[in-house]
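# Structural overview for review
The chain contents come next:
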Amino acid sequence: MSNPTTRSQRLWTGVRTSGIALIILAMVIMWTIEIIDTAALDDHLQGGGIHPREVDGLDGILWAPFLHVDFGHLFSNTVPLLVMGGLVSARGFRYWSRATAAIVLVGGFATWLFAGSGNHLGASGVVFGYFGVLLGAAWFERKPAALGGALLAIFLYSSIVAGLVPQPQLSWEGHLFGFLAGIAAARTMAEPREYRDPDDPGDIQPWELDEPWLS
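Summary of the structure given here. Just so you know, these numbers come straight off a predicted model, no measurement behind them. (Residues numbered from 1 in each chain as written. Predicted model: local features only at pLDDT ≥ 70, side-chain atom pairs only at ≥ 80, totals over all residues. Heavy atoms only, no water.)

## Describing unusual backbone geometry
In this model, Asp42 sits at a positive phi of 55°, which is unusual for a non-glycine residue. Within the secondary structure layout, Asp42 lies in the loop between helix H2 (19-39) and helix H3 (60-63). For Asp42, a relative accessible area of 70% corresponds to the exposed category. One non-glycine residue, Asp43, adopts positive backbone phi at about 60°. The residue Asp43 is located in the loop between H2 and H3 in this model. (Helix = DSSP H or I, 4+ residues; strand = E, 2+ residues; numbered from the N terminus. Buried < 20%, exposed > 50% of the residue type's maximum accessible area, 1.4 Å probe, protein only.)

Take a look at the structure:
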């Protein structure tokens, strides 16, 4: 019989290195924050989003993905975050963690630097970032696995591209910069495409060397 301590250690190691597990944990934190903020804090925490070009709003780059205007806003981000984050995490924990860090930090800083004034908050920037990662990986790698993830994301959530268009009362800049950060992350992490010389017949077995139709 295996040691219960060993089993628990293996389970914890798996959770710790699983992108989808951390996404679920993040969603639990988001919902907990929204419940507490609505029920006990009179939406005070909402003010902790990204306030462009204000030093006091710079730390909102880290907090904004966990804060939402209301439960409707949070619910609209929950499922796409799980689905597209899961598709990205299928590439491995290292890939997912680097992509997520780039989306949050680069996309968030670009929002702080260039977005219109106001309070930018919500996980939608991360959702658009994952969408950008999936599309970028398909474009830069041209491999079946990358193409499959992108096609599934397009099939399920192609309508979200409307969120990249300037609209009032919508942090479209956060969407746009998250999306662009995702594409940039996909580019830097793209697996090199295999090049095959069209004149190279590939692997030829020794007994095939004297067969003229292979030359």
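So that's the structure; there's more coming.
## A word on the environment of Ile20
With respect to the helices and strands, the residue Ile20 is situated in helix H2. In contact with Ile20, other than residues within four places in its own chain, are Leu82, Gly86 and Ser89. (Contact = heavy atoms within 4.5 Å.)

## Description of the pattern of salt bridges
Summed over all chains, the structure comprises 3 salt bridges. With its nearest N and O atoms 2.9 Å apart, the salt bridge here joins Glu141 to Arg91. In this pair, Glu141 is assigned in helix H6 (residues 124-141) and Arg91 in the loop between helix H4 (71-89) and helix H5 (93-114), connecting sequence segments 50 residues apart. For Glu141, a relative accessible area of 2% puts it in the buried group. Taking relative accessible area as the criterion, Arg91 reaches 29% and is therefore assigned partly exposed. Here the salt bridges share partners, and the residues they tie into one network are Arg91, Glu141, Lys143 and Glu191. (Salt bridge = Lys/Arg side-chain N within 4 Å of Asp/Glu carboxyl O.)

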